[in-house]
Amino acid sequence: MKTRLRELRARDSLNQTQLSKLAKVSRQTISLIEREEYIPSLLIAKRMAKIFNEPIENIFIFDEEEL
Amino acid sequence: MKFLLKMLLYAAIGFAAGYLTLELLYGRNSEGLLETIYFWLSIVMIVLAAALLVYAFIRRKKLIKMTKDNNRKVDDDDFDVYSYNTFNVVTVATAVPLVLSLMALAIQALAAESPWLVALTIVLVFVSMFMSFQASALVNIIYPDKDLPEISDKNYAEKLFAASDEGEIFIMAKALYRSWTLTSTMLFFALILMIFYSFITEESQIFSIVIIGLIMIISQLKYAYEIREK
């Protein structure tokens, strides 16, 4: 899974700590997702979609083989 | 920290290898020499434990000072990385001295040469225990917003998991699994080493072998019990 989280965060001038507070998760979780070491739950994905006003599939991009 | 753990592991392996070589070469005649080696080894352990405790104390104090400083000129993300890593360092730098001072105490008490050194080591054990307890409590100071349990809480593990989010649980699970695998492997090699030691030195290590074997079995059973299909 690829993620555009870092790019979207830069677009909205948010640091990891600020995003973590908005998404009600720890900064470690944001860092983990950005490093593409962890696929977030649907709940976190939905929160991210709401924060960045983007559909989930524009934030988290899966390869065809993964689906 | 990785470097420190590596060094400690190499030191333990080196000591075990050297000890077995001495026993092989000199057998019973090396008794006096080994006592001297044990004595100095315990001194090194005491010095190392004390140095680590001082280091942990300084890092802890600096972290608390920075956490309480509302005007610190550090980026939020950088500060969170700093406090998270410092917490880890302080935890290790207080846990290692506890083990080192206990080992030193065992050597000093068995040798019974200097009551002062025994007393000093007992003090070191208590200081290590106190600082280890304080290090665990540090998490509540650096993350005051989180509803983290007190270290003395009976259901600490359950409450810690409940207060952690999915990313944190993922990190903990991965780290715990890796350290559990490492511990199991090292216990297995310790068992082999003790069997060889018993044969070479003709000093029975059966008690320790049985204890380590039981720990390995209980640990395996506990893991299987925890991950079973409910």
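Below or above, wherever it landed, is the structure these notes cover. Since the model is a prediction, treat every value here as computed from it, not as a measurement.

## What to know about the overall build of chain A
Counting secondary structure elements, chain A contains five helices and two strands. A compact globule built from 67 residues should have a C-alpha radius of gyration of about 11 Å, and chain A, at 11 Å, falls within 12% of that. Put simply, chain A has 67 residues, and 48% of those count as buried. Of the roughly 4,000 Å² of accessible surface on chain A, a fraction of 51% belongs to carbon and sulfur atoms.

## Details of the packing of helix H3 (residues 27-34) of chain A against helix H6 (residues 166-201) of chain B
The interhelical angle for the contact between H3 of chain A and H6 of chain B, taken along N-to-C directions, is 75°, at an axis separation of 7 Å. Accordingly, the angle class assigned to the pair H3 of chain A and H6 of chain B is roughly perpendicular. Touching Gln28, Thr29 and Leu32 of chain A of H3 of chain A are Gly167, Glu168, Phe170 and Ile171 of chain B, all from H6 of chain B. Split into classes, the residues belonging to the contact of H3 of chain A with H6 of chain B amount to three nonpolar, three polar and one charged.

## Points about the interface of chain B and chain A
Each partner contributes to the interface: chain B provides 15 residues, whereas chain A provides 15 residues. For the pair chain B and chain A, the number of links is one salt bridge. Asp80 of chain B is the partner of Arg27 of chain A in a salt bridge, and the nearest nitrogen-oxygen pair spans 2.5 Å. The interface formed by chain B and chain A holds ten residue pairs in polar contact (both at pLDDT 80 or more) in total. Secondary-structure elements contributing two or more residues to the side of chain B that touches chain A are helix H3 (76-111) and H6 of chain B.

## Section: the pattern of salt bridges
Residues and elements named next belong to chain A. Tallied over the entire structure, the rule returns nine salt bridges over all chains. The partner of Glu54 in a salt bridge is Arg11, and the shortest N-O contact between them spans 2.9 Å. Of this pair, Glu54 sits in the loop between helix H4 (42-52) and helix H5 (56-59) while Arg11 sits in helix H1 (residues 5-11), and the two are 43 residues apart along the sequence. Overall, Arg11 belongs to the partly exposed group, its relative accessible area being 44%. Look at the salt bridges and you will find they share partners, linking Arg11, Asp12 and Glu54 into a network.

## Considerations on the nonpolar core
Membership of the largest hydrophobic core comes to 25 residues, with the highest contact counts inside it found for Leu100 and Leu138 of chain B. Elements supplying a minimum of two residues to this core: helix H2 (31-68), H3 and helix H4 (115-142) of chain B. Of the residues forming this core, the biggest block, nine residues, is contributed by H2 of chain B. In this structure Leu100 of chain B touches Met45, Leu48, Ala49 and Leu52 of chain B, once residues within four positions along its chain are discounted. Among the nonpolar cores identified, the runner-up in size contains 18 residues, and Ala45, Met48, Ile59 and Phe60 of chain A belong to it.

Definitions and limits used
- Residues numbered from 1 in each chain as written.
- Chains lettered and ligands numbered in written order.
- Predicted model: local features only at pLDDT ≥ 70, side-chain atom pairs only at ≥ 80, totals over all residues.
- Heavy atoms only, no water.
- Helix = DSSP H or I, 4+ residues; strand = E, 2+ residues; numbered from the N terminus.
- Rg over C-alpha atoms; globule rule 2.2 N^0.38 Å.
- Buried < 20%, exposed > 50% of the residue type's maximum accessible area, 1.4 Å probe, protein only.
- Areas by Shrake-Rupley, 256 points an atom, 1.4 Å probe, with all protein chains shown as cover.
- Axes fitted to C-alpha atoms, helices over the stretch in contact; angles between N-to-C directions.
- Parallel < 35°, antiparallel > 145°, perpendicular 65-115°, else oblique.
- Contact = heavy atoms within 4.5 Å.
- Nonpolar A, V, L, I, M, F, W, Y, C, P; charged D, E, K, R; others polar.
- Salt bridge = Lys/Arg side-chain N within 4 Å of Asp/Glu carboxyl O.
- Polar contact = N/O pair within 3.5 Å; in protein donor to acceptor, adjacent residues only side chain to side chain.
- Core = buried A, V, L, I, M, F, W, Y, C linked by side-chain atoms within 4.5 Å.

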